[in-house]
Structures are given as structure tokens and as C-alpha cells.
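# Topology and contacts: notes
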Amino acid sequence: MRIAVISAHTSPLARPGGNKAGGLNVYVLELARQLVARGCNVDIFSRATQRDMPEITQIGPGLRAIHLRAGPARNLSPESVHKRLDAFTDAVAAFAAHEDATYDLIHSHYWLSGLVGEQLKARWQIPHVTMFHTLGEIKNRASLSEHETDLRIDSESRIIAGADRVICATEAERTLIRRLYHAEAGKVSVIPLGVDLERFRPADQEAARHALGLNGERIILFVGRLEPLKGIDILINAAATLESDVDCSVLIVGGDESSRVQVDRLRGIARSRGIEDRVAFVGAVDHDKLPLYYNAADICVVPSHYESFGLVAVEAMASGVPVVASRVGGLMGTIKDGETGYLIPWLCPEPFAERIELLLDNEPLRRNLGEAAREAVGRYRWENVAAAVLSVYESLTNPTPQLAAAGS
Ligand code: UDP
């Protein structure tokens, strides 16, 4: 099967943890690898954001990242990318025509790519599978100050109406997609995101700390993009109220040059709370190197205002590290409060501090929660996830005779 993957606004080759790249990029690339391992041929199309980007990058046999010019070769806001989508769609179609390539199915990621997928479906007359990763309407209901545009929400409604299948990561999201966007029941499939359980696994903590040059104090870890929605201020304020005598530091992994304002803001909070020397900003870490950080940590905190899935929580759980997370979005499905981690229903520092303290002071509790977490993550194994995605593709490209008749 030959798949055209559309990730218009961000490249699968972008480094996760910076401002513009995170869970979506990790997922798109890894899913593609998994599909190729199952005999598919995958081209991932993105808008070129650098002048010197080669048009074709062969990631491996049967897997290419294709960066096409549409508008200025730099990062643009979603609204500016939206203005270039027609040009981008033309570029994808021209690329395929030039290679004389035909695809069996389009898989788009995020609303901007969904709009491209919709147009390509009409041109190529092939099925379109879409994943939003986050939806504007859901984000608006969950978040503090940012407001997603009507353009995004109207586009999402249109994409859902026109797509052959919408894949979302949780049952809760399927319910919201049905309620807020009026999607037909049969159109939405729930398939969790995958996590590499070989890469993220329990390992010797001392060795990981040694490799990172960390000393013996307890480590409270945050991993992710440094944006307000991630609630890192809650973690810093929580760390400032800890009464435990145990020495600990907060390691914040993520962020790049474009995160300066956020880092300054968070450093300011740490300074004003008198814990500046206990909060370290590590910057983005290559995905391959992240296991060291999880393995070095005693606790991973995910204080997000919203997460549609929350890969970091599952990566930490897979590493056997207890997670203290907000009780929001996908985190409610991945963590069982009190059994495989802690879920905090209030987005304020004190309840986070209480759970962090409990864990800091109690090594057997950390071990038990960590072990239970590792056992609970089997369902996110890539083999299962990729097989489920492939079976959606197959149901659309080879519909059974009865279904085909019903659809015609
Ligand atoms: N990540 C990474 N390096 C970093 C920070 C994050 O590789 O420095 C990865 C992390 O391992 C995870 C993804 O980025 O796979 C973040 O996904 P998540 O679902 O937690 O958040 P999102 O970015 O989708 O909001």
C-alpha cells in the first residue's frame, strides 16, 4: 500500500521539544516507520521551512520526507500556513504527477493538513484518513488565555464531514468529536498513540545519573514543549512549597531559541520563590537520549492544562517512573489515580506538592507505582497501534463487498 502522509505545518524531521515540534512529530515519524516495516510505502509531505532543505530525504527504504516550497522558507504561524495551503496542495499534486506516482490513501495530521487531505482526496479520488491531535473547540474549552480561531474550528468541522475516517487517541475525545463536531459514529476510530516500549524501559538509575553528571539528590522531571498550556509554573510553585527535608531538583527538559520568553518567565517565578538554584533548564533533548532523563528521575510531573493524549506521561510510565499529572484529557485514560500514578483534579500547586512530597519521602511507594505503571502501558506498544491503523487503511482501500454496496 502506498500512503501519502500530510504533515503540512511541521516536518517529521524537526527536533521534538522545541517550540513547534512535539508529540505529533514523534508519532508521524514512528507510525511511518512501523507501516513501512509492515510492507507499506510512505511519503511524508511537509512545507519547506528552510531554504537549504533538500526536497527529498530518504529516511529509509520505502520511507521519504518530502519538503515542498509553498510560501517563505521559514516557520510561519498557523494562519499564515493556512494562506499557503492551496499552493502546498498544488506542490504535492505536481510532485506526484512528476514522479508518475499514485497513492492508495492519504493520512493527514492536524487541521491544516486535513484541509490539504480534503483537496487531494477530491483530486486523486482515494480515501482520506485524518487525525487532529488537538481540536480547536476542545482546546478552547480547556485552556486559559489562548483562543483558537473560528477558521480552525470551521475547518475541522468540514474536514470531519468530508474525511473517510477520523482517528483519535481516546474514547473521551471520540465523545467530544461526536458531541461538538457532530461526527457520525462509524466515522471515528479510537486508536491510542504508540510508545516505543523498548526504548523507554526501566534501567539503572545510578548509571543514568552518572551519565548525566547528576548528583545524589532526588530529581523531579518535566519533559515537553515550553508553552503556557503545559503548566510548568504550577510545577515550579509546587516545588517551592515542598516541606520535605529530602534534597531535590527540578529538571525541565524542552525548549529552544524560540522559548526564551518562557524560560525567562519561569526562571523569574523560581527566583521569586527562592528556588532558582534548584530548577535547571536543560533545553530540548534528542528523543533517543531521553530515556536517560526518565531513568535518572524519581518523579515525572505533567501539570498540563490540557493534553489530547500526553506521550510524555506514557514514556515516563514505560520507564517505571511514577507520574503526577493533571486530571485532564488523555491523561485521564493513561493513568489510574493511586494505582499507576497520581491525577490531580485542581490545576494549582498545593495538591501537586502534596503528591510529590508523598513520593519523595517514600521509596517503596515510588517503586510500586513505577512498576504498576510499566505493567499498564502494554496497550501502547507500537505493534498493536500500527496494526490497528493498518486495519483502518485496509477497510477503506478494500471495503468488503457488503460495505462497498452499502456505501454506493
Ligand atoms: N520530546 C523530546 N525531546 C524533548 C522534549 C520532548 O523528544 O526535549 C518528545 C517527548 O519524548 C514526546 C513528545 O516530544 O514524545 C511530546 O509529546 P506530548 O504528547 O507529551 O506533548 P505534545 O508535544 O504533543 O503537546
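About the thresholds
- Residues numbered from 1 in each chain as written.
- Predicted model: local features only at pLDDT ≥ 70, side-chain atom pairs only at ≥ 80, totals over all residues.
- Heavy atoms only, no water.
- Salt bridge = Lys/Arg side-chain N within 4 Å of Asp/Glu carboxyl O.
- Buried < 20%, exposed > 50% of the residue type's maximum accessible area, 1.4 Å probe, protein only.
- Helix = DSSP H or I, 4+ residues; strand = E, 2+ residues; numbered from the N terminus.
- Pairing = 2+ DSSP bridges.
- Right-handed = clockwise from strand over helix to strand, strands pointing away.
- Contact = heavy atoms within 4.5 Å.
- Core = buried A, V, L, I, M, F, W, Y, C linked by side-chain atoms within 4.5 Å.
- Axes fitted to C-alpha atoms, helices over the stretch in contact; angles between N-to-C directions.
- Parallel < 35°, antiparallel > 145°, perpendicular 65-115°, else oblique.
- Left-handed = near helix turned anticlockwise from the far one by under 90°.
- Nonpolar A, V, L, I, M, F, W, Y, C, P; charged D, E, K, R; others polar.
- Polar contact = N/O pair within 3.5 Å; in protein donor to acceptor, adjacent residues only side chain to side chain.
- Near = heavy atom within 4 Å.
- Areas by Shrake-Rupley, 256 points an atom, 1.4 Å probe, with all protein chains shown as cover.

This paragraph deals with the pattern of salt bridges. One pass over the structure, following the stated rule, counts 23 salt bridges. The shortest N-O distance in the salt bridge between glutamate 354 and arginine 355 comes to 3.8 Å. With relative accessibility at 49%, the residue glutamate 354 sits in the partly exposed group. In this structure arginine 355 comes out as partly exposed when scored by relative accessible area, which is 25%.

Here the focus is the pairing of strand β12 (residues 299-302). Within a regular strand, side chains alternate between the sheet's two faces. Side chains Ile299 and Val301 project from β12 onto one buried face, and the interleaved Cys300 and Val302 project onto a second face that is buried too. Bridging between strand β9 (residues 218-223) and β12 involves two bridges; their strand directions are parallel. Along β12, the bridge assignment pairs isoleucine 220 with isoleucine 299. What joins β12 to strand β13 (residues 323-326) is helix α12 (residues 311-318), and the crossover it makes is right-handed.

Within the secondary structure layout, valine 250 lies in strand β10 (residues 248-253). Measuring from C-alpha to C-alpha, the distance between valine 250 and histidine 133 comes to 28 Å, with 117 residues separating the pair along the chain. In this structure valine 250 touches Ile220, Leu235, Ala239, Arg278, Val279 and Ala280, once residues within four positions along its chain are discounted.

Bringing the nonpolar core into the picture now. Ranked by internal contacts, the top residues of the largest apolar core, which has 103 residues, are Val42, Phe45, Phe88, Tyr294, Val323 and Tyr393. Excluding residues within four positions of it along the chain, valine 323 makes contact with Cys300, Val302, Ala313, Ala316, Met317, Ile335, Gly341 and Tyr342. Leu226, Ile236, Ile252 and Ala353 belong to the second largest nonpolar core, which has 31 residues in total.

Let us now look at the packing of helix α4 (residues 111-124) against helix α6 (residues 150-162). Interaxial distance between α4 and α6 falls to 9 Å at its minimum, and their mutual angle equals 40 degrees. Considering the angle they form, α4 stands oblique to α6. The handedness of the crossing between α4 and α6 comes out as left-handed. In this structure, α4 uses Trp111, Gly114, Leu115, Glu118 and Lys121 to contact α6, whose residues at the interface are Leu151, Arg152, Ser155, Glu156, Arg158, Ile159 and Gly162. Taken together, the residues that form the contact of α4 with α6 break down as four nonpolar, three polar and five charged.

Read across the sheet, six strands follow the order β11-β10-β9-β12-β13-β14 without closing on themselves; strand pairing throughout is parallel. This sheet does not close on itself; its edge strands, each paired only once, are β11 (279-283) and β14 (342-344). For this sheet, the mean inter-axis angle between neighbouring strands, taken without regard to orientation, is 20 degrees. Two elements, β13 and β14, share three bridges in a ladder whose sense is parallel. Counterpart to serine 326 in the pairing with β14 is isoleucine 344. Against the sheet, α12 touches β9, β12 and β13, its axis set at about 165 degrees to β12.

Turning to the side chain of serine 319, a few remarks are in order. With respect to the helices and strands, the residue serine 319 is situated in the loop between α12 and β13. Classification of serine 319 by relative accessible area gives buried; the value is 5%. Polar contacts involving the side chain of serine 319 include one to the main-chain carbonyl oxygen of glutamate 315, which spans 2.7 Å. With near-sequence residues (within four places) excluded, serine 319 lies in contact with Phe200, Arg201, Pro202, Tyr294 and Asn295.

Let us now look at the pairing of strand β2 (residues 41-47). Counting buried positions over the seven residues of β2 gives six, a clear majority of the element. Relative to β2, strand β1 (residues 2-6) is paired through five bridges, and the arrangement is parallel. Residue pairing for β2: valine 5 is matched across the bridge by isoleucine 44. Inspection of the sheet shows β2 paired to strand β4 (residues 63-68) by six bridges, in the parallel sense. Residue pairing across strands places arginine 47 opposite leucine 68, the latter belonging to β4.

The immediate surroundings of the ligand are formed by 19 residues, with Arg225, Lys230, Val285, Leu311 and Glu315 found nearest. The separation between a nitrogen atom of the ligand and a polar main-chain atom of proline 16 is 3.3 Å. Lysine 230 is positioned with one of its side-chain polar atoms (N or O) 2.8 Å from an oxygen atom of the ligand. Burial of the ligand by the surrounding chains reaches 92%, relative to a free accessible area of 550 Å². Every element with two or more residues in the shell around the ligand is listed here: α1 (23-37) and α12. At three residues, the largest contribution of residues to the shell around the ligand is made by α12. In terms of residue class, the shell around the ligand is made up of nine nonpolar, six polar and four charged.

In short, geometric facts, not functional conclusions.
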